[in-house]
Amino acid sequence: MVMACAPRAKSQDAVVEDGYDLWLRYRALPAGERLDEYREALRSMAIDTTSPTRKIAADELRRALGGLIGREPELVAGGAESRASIVIGTPSSSPLIAGLGISANLERAGTEGFVIDVVQVIDNRKWRLSDASRRYIVIAANTNIGLLHGTFAFIRQLQTGRTLRKLYIESAPRISRRILNHWDNLDRTVERGYAGKSIWEWDALPDTVSPRIIDYARANASIGINGTVLTNVNANATVLTAPYLAKVKAIADALRPYGIRVYLTARFSAPIDIGKLATADPLDENVRRWWKEKSEEIYRAIPDFGGFLVKANSEGQPGPQDYHRTHADGANMLADAVASHEGIVIWRAFVYSNEVPVDRIRQAYDEFTPLDGQFRPNVMVQVKNGPLDFQPREPFHPLFGAMPKTPLALELQVTKEYLGQDTHLAYLAPLFKEVLDADTWRPGEGSTVAKVIDGSLDHHRLSAIAGVANIGSDRNWTGSHFNQANWYAFGRLAWDYTLSAGDIADEWIRATLTHDSTVVSTVRSMMLGSREALVNYMTPLGLVHIMGRNHHYGPGPWVEGGGRADWTAVYYHRADTLGIGFDRTSTGSNAVAQYAPHVRDIFASRATVPDEYLLWFHRVGWNERMRSGRTLWNELVYRYSAGVDSARAMEREWNTVAPKVDTLRAREIGDFLEIQAKEAKWWRDAALSYFQTFSRQPFPPGVEPPAHPLDFYL
Ligand code: GCW
């Protein structure tokens, strides 16, 4: 039955676009010079498909060209490589590539990178192309995985309409482990997931591996993600039992040809939960043996198992402190269990004790810095971008400048727990870049978080970045079309954090939505402004954690009481009739002292602290003057209102380009932007009505008053 409200397909809709194809959409490129160039240059390919990964690369390229230029390349038989227009291979799979003399370039590509070049080969010597009549596009790598990455990068060139004439790309990932963290439970619920159920169909596994897993692998490989933690950090030891390990093995086998390794979360009490031991004390011999044997069992099934991710002694999870041992004792015990297989342990620094302390955000630093230097070489400590919890904006975590002897992994949240979840458009590349580019100033200027986590600053062998996944069983994978861009941006930045947020948005739009230049530029500017808009209408000027209790979606600045103070809003904003903000300078909790002196001084002084972190570090009187010349109260009203204006503008801008986008997605995106604009006003009105009870001041003239009295919002 066709429902009355079903959108009528536009005449140009060839197929119903529902978002399933992500950025691997491969719809026909628009007619024009570029398409002609591609059709001329890309007629045939030579690739030895005897390896599963090379076969995947070949199939992907065939599919991409079939869609983008309307013609699949002919596969040239082995031995006749020089007749093909695209040659894909490693020096050992391709005699032509072996003879190209590009070993220095390939050396830089490492084990996962690649080289793409346009070359002419005459008498087995390589010539740069000038007026040549015969040229090859070469996708070369040292490994099959490198070839797959190179193939996807080449496809990206076509999707973004770049010329092939001067093509030369040499690329290798800056961070070696680029991992998604799924907070997926074994009952297929997803903690902080807003896109349906978990994609891991545990009941059907291991006999059936859903085709969605293969598409998940393709999507991740296309952006260079090479690891996935299947299970929630609030862990269930059942995943470590034999029947579940058989299921995990089936997933690992499916992901392996795409260069993706599987990791699991380890519940610290597993030796008790499933091992019948009386203790999980990390120094107990039986416990150590149990983990060793468990690890051997895992590696027998999954020889390239990545290792364990652990949340311990945090928010009620068991951990070594239950036995008066340290985080290092716990991590090292697990590290010893996986070391002989080159496994690693990723130990999370997101810890805070059950006794509510002076200032929760100080705790990870206080607990972990004394342990620097005590971890085994195969332990990484994974630190969230900010010291609190994935807020719309936080300053960078001070641990990034404080543990030089320990390889640190950066944990970002791709799922937008505190940023409007599935409905609101908030493109996160600017947030990710903000933390990657932040300068810790330890030991000196230029010591950015990016250089800490890529291992270069302190010469670590291990490097990692993690993104808490936003992926689920929803047809469009991520609950909204725009949320796909955050998965994409995470992968792209994990591979190369020097890419710009704008360029990544551009790629994503062209691959996912359309090539129409008006749509591209409109959507690009919407995306780039979206996170700042959200910060303004939710938590301007350094406010944090004023979302509703537990769900963290709508406004809840009035939330107080309940189990623990540091789960309430009032703990964080501290508003009263005198002012608002958390004093983290030396007159308050002094958390600012956790930064290097240069950074500390900037944050600690009212004269130099950036506006965006003002109320995070300072308590400010309602009538104090801001840089803008406005009083704090008026500035707050101004920022909240600016956020609403931006959300409304996004809705309007979308409506101008929506007719150029396929019907279903255009409508779904439009619906969510409408919700966002309404909810931005809800946020503004609720928060300002509440804060007004403290400021006791009117709204400045000309400002739209809240739609309802405060009671309405509570
Ligand atoms: O962001 C908070 C979430 C919890 C989460 C926790 C964590 C997995 O509200 O749902 O638990 O952080 O990162 O461990």
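Residues numbered from 1 in each chain as written. Predicted model: local features only at pLDDT ≥ 70, side-chain atom pairs only at ≥ 80, totals over all residues. Heavy atoms only, no water.

1. Describing the overall build of the protein
A count of helical and extended segments in the protein gives 22 helices and 17 strands. Its C-alpha atoms give the protein a radius of gyration of 26 Å, within 12% of the compact-globule value 27 Å for 714 residues. The C-alpha extent of the protein, read off along each of the three principal axes, is 80 × 70 × 60 Å. Counting the 714 residues in the protein, one finds 61% classified as buried. In the protein, 72% of the contacts between residues at least 6 apart in sequence involve partners at least 24 apart. About 26500 Å² of surface is accessible on the protein, with carbon and sulfur atoms providing 51% of the total. Once the 81 positive and 84 negative side-chain charges of the protein are each reduced to a mean point, those two points are 3 Å apart. (Helix = DSSP H or I, 4+ residues; strand = E, 2+ residues; numbered from the N terminus. Rg over C-alpha atoms; globule rule 2.2 N^0.38 Å. Buried < 20%, exposed > 50% of the residue type's maximum accessible area, 1.4 Å probe, protein only. Contact = heavy atoms within 4.5 Å. Areas by Shrake-Rupley, 256 points an atom, 1.4 Å probe, with all protein chains shown as cover. Lys, Arg positive; Asp, Glu negative; His and termini not counted. Charge placed at Lys NZ, Arg CZ, Asp CG, Glu CD.)

2. Concerning the site of the ligand
Taken together, 14 residues sit near the ligand, with Glu191, Lys311, Lys384, Asp389 and Glu417 positioned nearest. Within the contact set of the ligand, an oxygen atom lies 3.0 Å away from a side-chain nitrogen or oxygen of arginine 192. Residue aspartate 389 places a side-chain N or O atom 2.7 Å away from an oxygen atom belonging to the ligand. When grouped by side-chain class, the residues that make up the shell around the ligand number three nonpolar, three polar and eight charged. (Near = heavy atom within 4 Å. Polar contact = N/O pair within 3.5 Å; in protein donor to acceptor, adjacent residues only side chain to side chain. Nonpolar A, V, L, I, M, F, W, Y, C, P; charged D, E, K, R; others polar.)

3. Some words on helix H12 (residues 429-436)
Across the eight residues of H12, six count as buried, placing the element largely inside the fold. All buried positions along H12 are accounted for by Ala429, Leu431, Phe432, Lys433, Val435 and Leu436. Here the buried face of H12 lies against strand E14 (408-413), helix H13 (449-453), strand E15 (464-468), helix H14 (483-495), helix H15 (501-512) and helix H16 (517-538).

4. Here we look at the layout of surface pockets
Put simply, the largest pocket is a space of about 460 Å³. In this structure, the largest pocket is lined by 17 residues; those nearest its centre are Ser176, Arg177, Asn226, Arg261 and Glu342. For the lining of the largest pocket, the class distribution of residues is five nonpolar, seven polar and five charged. (1 Å grid on protein atoms, 1.4 Å probe; cavity = no way out; pocket = protein on both sides within 12 Å on 5 of 7 lines; lining within 4 Å. Points joined across faces, edges and corners; volume = space filled by probe spheres on them.)

5. Topic: the packing of aromatic side chains
The full count for this structure, using the stated rule, is 31 aromatic pairs. An aromatic cluster is present here, built from Tyr20, Trp23, Trp200, Tyr216, Trp477, Trp487 and Tyr488 joined pairwise through their rings. The ring of tyrosine 352 is capped by arginine 360, whose NZ or CZ atom sits 3.7 Å from the centre of that ring. Here arginine 584 stacks its cationic end above the ring of tryptophan 616, 4.6 Å away from the centre of that ring. (Phe/Tyr/Trp six-rings, centres within 6.5 Å; stacked < 30°, edge-to-face > 60°. Lys NZ or Arg CZ within 6 Å of the ring centre and 35° of its normal.)

6. Remarks on the sheet that holds E14
Spatial ordering of the closed barrel is given by E8-E9-E10-E11-E12-E13-E14-E15, a layout of eight strands whose pairing is parallel. The sheet shows a mean angle of 25° between the axes of neighbouring strands, direction not considered. Bridge analysis of strand E8 (residues 177-181) against E15 gives five bridges, and the strand direction is parallel. Considered in E15, the bridge of arginine 178 is made with isoleucine 465. (Pairing = 2+ DSSP bridges. Axes fitted to C-alpha atoms, helices over the stretch in contact; angles between N-to-C directions.)

7. A few points about empty space enclosed by the protein
This structure, assessed with the given rule, holds nine cavities of 30 Å³ or more. Within this model, the largest cavity holds a volume of roughly 80 Å³. The wall of the largest cavity is formed by Ala349, Phe350, Val351, Tyr352, Arg360, Ala364, Lys384, Gly386, Pro387, Leu388 and His397. When grouped by side-chain class, the residues that make up the lining of the largest cavity number seven nonpolar, two polar and two charged. The computed volume of the second largest cavity comes to approximately 70 Å³.

8. What to know about the nonpolar core
Within the largest apolar cluster, 225 residues are counted, with the highest numbers of intra-cluster contacts made by Leu42, Phe154, Trp291, Trp487, Trp654 and Phe691. At eleven residues, helix H21 (residues 663-695) tops the list of elements feeding residues into this core. Every residue in contact with leucine 42, bar those within four places of it in the chain, is listed here: Leu65, Ile69, Arg71, Ser85, Ile86, Ile137, Phe154, Leu158 and Leu164. Counting residues in hydrophobic clusters, the runner-up holds 16 residues, among them Ala46, Ala80, Val115 and Ala140. (Core = buried A, V, L, I, M, F, W, Y, C linked by side-chain atoms within 4.5 Å.)

These figures come from the coordinates and say nothing about function on their own.
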